[in-house]
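Structure assessment
Here are the chains, one letter per residue:
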Amino acid sequence: MAQKSVQLDRETFSCSICLDLLKNPVAIPCGHSYCMKCIESFWDEEEKKKIYSCPQCRQTFTARPVLVKNTMLAVLVEELKKTGLQAAPADHCYAGPEDVACDVCTGRKMKAFKSCLVCLASYCEKHLQPHYDVAPLKKHKLVEPSKKLQEKICSRHDEVMKMFCRTDQQSICYLCSVDEHKGHDTVSAAAERTERQRELEVSRQNIQQRIQDREKDVKLLQQEVEAINQSADQTVEHSEKIFTELIHLIQKRSSDVKQQIRSQQETEVSRVKELQEKLEQEITELKRKDAELKQLSHTEDHIQFLHNYPSLSALSESTDSSSINIRPLSYFEDVTAAVSEVRDKLQDILREEWTNISLTVTEVDVLLSQPEPKTRAGFLKYSCEITLDPNTANTQLLLSEGNRKATFVKYQQSYPDHPNRFRYCYQVLGRERLTGRCYWEVERKGRVYVAVAYKYICRAKCGNKCGFGHNDKSWALHCSKNCYTFCHNNTETPVSGHGSSRVGVYLDHRAGILSFYKVSETMTLLHRVQTTFTKPLFAGLWFYNSYGDFAEFNKPK
């Protein structure tokens, strides 16, 4: 009871603002007491509102109360200090619903400072002191406050669990080790902890290494973001400059055409007006002559008529008007047609090239390269449809099946002349630009080169200089009946594996990976190339010299 009354005194003589014993105590009109400095500081904060309140009961005062030291309360506090009364514990020192409470405190419990694994109890700082002062208690194991101390007690034997059963992977007490866990692989909890601690350190090292790796990746990705933004900004700037130059060029050509038309207009109008003036002068002269002749015709004197007639009847040379060829409304229409033709050609070029530009923009791939698929189903996720371009086909290649199949034939086909046509090599290119990740399959019969090449590979040279794989602009797998050979830049590399009628081609353009596979459910890798592709690629086929050989691009399924 004495302890409880002292605790009450501590709360009674404490300032509710600083939670310490009152210093220079003052009582305000509502009856509550505070340290003079504390209540003054509190009211200084409320000075702007001109309303002063009690921090406890919230009663307000329109005028700031005059503070006078409560001498009786001050004397009482001083006397209590001499008897050993200390400051009241702050509210945050008491245990709340979520805190671990001291098991020794009575009444309002203090927060636990430590938990003892031997005593299986939690102590506040005051009640923990014996564990620091008493020799036997010093040996006890102290840990951070825990609510789960009872979980360390064996429910079967009511003993502290100090052992670990590796067989059943659970904590046990000593009696368990000689009872239901007898014959199991048991060790002390400390020994198991040591072993697990080593594993933990290894795990931490792995985690820390992964953190470092991921931080490097994040840094690289940040650099990638900066590079993307810089590249995009530069490209926008350069594109605007190029399009501005095109606009200026077209405007200049428009101005030139306009000036030329006006100049020609002035020349032609001048010529017409000159002829018009001559004709008008001739008309005037003829009218004068007609009037004189009319007057002569009315002359009654025959001698005078005969005398004047020769001079009046003679006409001046007439202006030649036979060359005048009137073409109403058709003088400069040919110019309009010529300009319209230029416009149509520009529209066709822009339409075709805009598709290429748009594809190039949308195919920008800044992500890290994806792993190469392992199964045919995985490859088919990247499948694309390939069609052959008739304008590139050698005249001894017959295209069929919607231009997906090419057959080497004996007689030349009647293809129109085209600068993109292969003249000497029995080759053909596909229409589709290949960028990003692509996969396609070729079903073939006979000796065929399955290839990829840049669009501007040579077309007209004799020999194999234009042949796929025999220059630095193409890569090709030579497929024969029993073997394969990879070709690039006129260098041949033997490829192990028996011939197959179907070849799969996988391209990761950004990663610079080109792979050829023997197609089956397991997909046998024949050859892989790691390089840098600088431009879009196009699929290609090159036939050896056997009539009837064919190759067909399979439709994606």
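Given the structure is predicted, the values throughout are model-derived calculations rather than measurements. (Residues numbered from 1 in each chain as written. Predicted model: local features only at pLDDT ≥ 70, side-chain atom pairs only at ≥ 80, totals over all residues. Heavy atoms only, no water.)

**Section: the environment of Val187**
By secondary structure assignment, the location of Val187 is in strand E10 (residues 186-188). Other than its neighbours up to four places away in sequence, Val187 contacts Met163, Phe164, Arg166 and Glu192. (Helix = DSSP H or I, 4+ residues; strand = E, 2+ residues; numbered from the N terminus. Contact = heavy atoms within 4.5 Å.)

**Thoughts on the environment of Ser14**
Residue placement: Ser14 occurs in the loop between helix H1 (2-12) and strand E1 (25-27). Judged by relative accessible area, Ser14 falls into the buried class, the value being 14%. A C-alpha to C-alpha distance of 9.4 Å links Ser14 and Val77, two positions 63 residues apart in sequence. (Buried < 20%, exposed > 50% of the residue type's maximum accessible area, 1.4 Å probe, protein only.)

**Observations regarding unusual backbone geometry**
Of note in the backbone geometry, Glu401 takes a positive phi value of approximately 55° without being a glycine. Residue Glu401 is classed as partly exposed on the basis of its relative accessible area, which comes to 45%. In this structure, Asn490 takes a positive phi of about 65° despite not being glycine. With respect to the secondary-structure elements, Asn490 resides in the loop between strand E17 (484-488) and strand E18 (491-495).

**Observations concerning the sheet that holds strand E21 (residues 524-530)**
The strand order across the open sheet formed by 7 strands is E11-E12-E23-E14-E19-E20-E21, and the pairing between neighbours is antiparallel. Looking at strand neighbours, the two that pair on one side only are strand E11 (397-400) and E21, the edges of this open sheet. Averaged over all pairs of adjacent strands, the angle between their axes in this sheet comes to 20°, without regard to strand direction. As defined by bridge partners, strand E14 (residues 437-445) adjoins strand E23 (residues 550-553) across 4 bridges and the pair is classed as antiparallel. Residue pairing for E23: Val442 is matched across the bridge by Phe553. (Pairing = 2+ DSSP bridges. Axes fitted to C-alpha atoms, helices over the stretch in contact; angles between N-to-C directions.)

**Description of the UniProt feature "coiled-coil region" (unreviewed entry) in the protein**
In the numbering adopted here, UniProt assigns the feature "coiled-coil region" (unreviewed entry) to residues 204-231 and 262-299. The straight-line gap between the two end C-alpha atoms of residues 204-231 is 39 Å; of that span, 100% is helix and 0% is strand. (UniProt positions renumbered as here; feature names shortened; annotations may be inferred.)

**Some remarks on the environment of Tyr424**
Along the chain, Tyr424 turns up in the loop between strand E12 (405-408) and strand E13 (427-429). A relative accessible area of 43% places Tyr424 in the partly exposed class. Taking the C-alpha atoms as reference points, Tyr424 and Ser155, 269 residues apart in sequence, are found 92 Å from one another.

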